[in-house]
Amino acid sequence: MTTTESILKQNPPGAGIPSRHSKKVMKGNIAAAEAVRLSRVSFVTAYPITPQTTIIEEIASMIARGDFDAISVNMESEHSVFAALMGASLVGERVFTATSGQGLLYAHEVLHAIAHMRLPIVACNVGRPSFPWNIWADQSDSISQRDTGWVQYYCESSQEVLDTVLQSYKLSEKLGLPVMVVLDAFYLSHTSENVYIPDQDLADTFLPARRITENQVDLNHPKAFGGLVDPSLYDTYNRQYWDAIHQVEDETIEMGHEFGELFGREYGAVEAVNIHSGTKRILVTMATITTTARQVIEHHPDVGLLKIRLFKPFPKKSVLDVLEMADEDCIIINIDRNFLGDHEGALMQEMKRALYGKPVKIFGIYAGLGGRDVPPETIERILKINFESPQTEEVHWIK
Amino acid sequence: MGKTMSPASKFLINEENIYSGALSCRGCGWTLLARYVSYVMGPETVYVVPACCFSIISGPNPMNLMKGTVVHTLFAAAAATATGVRHALDRQGKQDTPVVVLAGDGGTFDIGLQALSGAAARGENILYICNNNAAYMNTGVQSSTGTPKGVKTTTDPAGKKTAAKNLMGIVEAHNLSYCATASPAFLTDLQAKLEKAKKASGFRFIMIDGPCPPGHKHDPDISIQLARLAVETRYFPLFEAENGRFSLTHVPEETVAVSEYMKHQGRFAQLFSDEATNGLTDIQKQVDEQWQKLLDRQQYENAGT
């Protein structure tokens, strides 16, 4: 299947209740916990932080009820949460944790180590900013970790959270890369909606047990893991990592397709809505703002929507394929729910990087920071900006 | 070196569980410790090593000094990574495989204390061994909170003004099944403690005195003699607590002034100079008080039985 097919084939119309699923109303955080159970994770570490906490609470509760055969250990910090996952993953278990904001930032050192030890760890991050105190939706925490080497997916719905966690383990274990599944605080983590929960045997078909490789602890063949690597070898490991990271976009598409065949829900690295030769403006979004934008563009036949689901590594190929479908003078408007102390937000930076050398008109919007709501009226206001005028600034702040 | 003491030092190693070629400095305590620990624990052991001298000594990638598995981890994370290793092994039915942390004093007293406390409070089934050479030696002799008062380091060039943290007190407050101090000069005692620690379950802790010629500024050939003097002068007392039951495992027969231990080491040189005030007297007083507290505790506990 081509990238373009995968971009367009998502969310086929008229999907009824898929077979081998049960339907429940649940919050994004609960969907994450369900996905961890369905993925047959065996070791979970936990440390509370709003708004992630209900994920680890639900997991602890499922284990206590006997519905989930796993160990959950209450650690004393997020640094230890991730460091313990390192140990258990190295011994061969399938592991999970969830965190938010300060917790993720506190674990920063360990995130690097996990990635460069090539450990297949999946973690959910429910995004919130750093300081001064704020607990609401913002992607600054996870995006500031984009250079740790973790793959990052941003989810739009509870269903997508559940499906993405399952896909993440498969991708993670295939490529030896850790994956971060990102949820918007409250808009996704604490909002209830319909979720189709696959039967366990269906999940097992898609995600078999973790295959143990020579990169794990084998007591019969003792080795040292993580010892000093001198300059003659260090970049060899970097290069192997580079090769793996280059496979992520294609694997995401391939896996999304395979997932679609089994579960009836297709995924790609990006998703394009209403992008065709008549499209004059494209809104580029991530996570829950996408849902709002979907409604708004229904009233604007010349406005398309590009949802970035795989953010790291940035899916350049898929993005270029989408823009091929649009009018060549099309204006690109990136909505960034992150502020990392730079002129433009991270999404705009990545888009500029992907489009380097192309004569495109590209704008950035800071919106929804620190949890500020982004209702349809905000999207409408963005679309009222006169992007055609040469006087229009490149970056806008929208309340 | 003053009077030579001859405590029982029979620790026969019938089978080496480390390879040759350790990258330690001459006279370092780490390699000896690795030999003794690995002999007692056996080859089917997982060692977790945070940043410390031993992360270098045990060999660069892909080498491994130990015949067991070595998991290197981050400075602050030894007890946390060991927690993950432990649970994963348990999950795989390998409850009998020992998980042993080998850490320095910086990674134990300072940056790793939070993870250590967490694992100890959870009762993780781990043996944590701290080789206490009383400063950040791997980075070039900077003070840790394990550095005793009066010691000259590169970050306390005039001598450290505060006493070492009472780590054993902190660790013991977690209600451990076993904790002890040990010395590379008292091998029978060390062997007995390692065996007790191996036999016990839950979180166990041993702190061993770590000779360090480049850091303590002495000749490498007197490392073990100095370690012996540290115990005989009561500067580094040997004791253990089994399920909270305390006992001194070596009570020196004679009183030896602590200056006998200190005078051979450049790290204390400024205390012996002409300009020195009453630094030595202060340290002797501190050592005497510490010893008296331990004696009182031993007498109190024995009186209760």
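Our subject is the structure that appears above.
Residues numbered from 1 in each chain as written. Chains lettered and ligands numbered in written order. Predicted model: local features only at pLDDT ≥ 70, side-chain atom pairs only at ≥ 80, totals over all residues.

## Structural notes on the sheet that holds strand S4 (residues 95–99) of chain A
Residues and elements named next belong to chain A. The mixed open sheet is built from seven strands, whose spatial order is S3-S2-S4-S5-S7-S6-S13. At either margin of the open sheet sits one strand with a lone partner, and together these are strand S3 (71–74) and strand S13 (310–312). Within the sheet, the average angular offset between the axes of one strand and its neighbour, ignoring direction, is 25°. As paired strands, strand S2 (residues 43–46) and S3 are joined by four bridges and run parallel to one another. Bridge pairing links Ala 46 to Asn 74 in S3. Against the sheet, helix H8 (residues 158–175) touches strand S5 (122–127), strand S6 (151–154) and strand S7 (179–184), its axis set at about 165° to S7. (Pairing = 2+ DSSP bridges. Helix = DSSP H or I, 4+ residues; strand = E, 2+ residues; numbered from the N terminus. Axes fitted to C-alpha atoms, helices over the stretch in contact; angles between N-to-C directions. Contact = placed C-beta atoms within 7 Å.)

## What about the interface of chain A and chain B?
Across the contact, 33 residues belong to chain A and 39 residues belong to chain B. Listing elements by their share of the side of chain A that touches chain B, those giving two or more residues are S3, helix H4 (78–90), helix H6 (108–116) and strand S9 (224–225) of chain A. Top element by residues in the side of chain A that touches chain B is H4 of chain A. It accounts for nine residues. In this structure, S9 of chain A lies alongside strand S2 (residues 69–72) of chain B, joined through two bridges in parallel fashion. Of the residues in S2 of chain B, the one forming a bridge with Ala 224 of chain A is Val 70 of chain B.

## Observations concerning the packing of helix H2 (residues 28–38) of chain A against H8 of chain A
Residue and element names in this part refer to chain A. Taken N-terminus to C-terminus, the directions of H2 and H8 make an angle of 25°; their axes are 8 Å apart at the nearest point. On the basis of the axis angle, H2 is roughly parallel to H8. Crossing geometry of H2 relative to H8 is assigned as right-handed. Here H2 contributes Gly 28, Ala 31, Ala 32, Glu 34, Ala 35, Val 36 and Leu 38 to the contact with H8, which in turn contributes Ser 158, Val 161, Leu 162, Val 165 and Leu 166. The residue makeup of the contact of H2 with H8, split by class, is nine nonpolar, two polar and one charged. (Parallel < 35°, antiparallel > 145°, perpendicular 65-115°, else oblique. Left-handed = near helix turned anticlockwise from the far one by under 90°. Nonpolar A, V, L, I, M, F, W, Y, C, P; charged D, E, K, R; others polar.)

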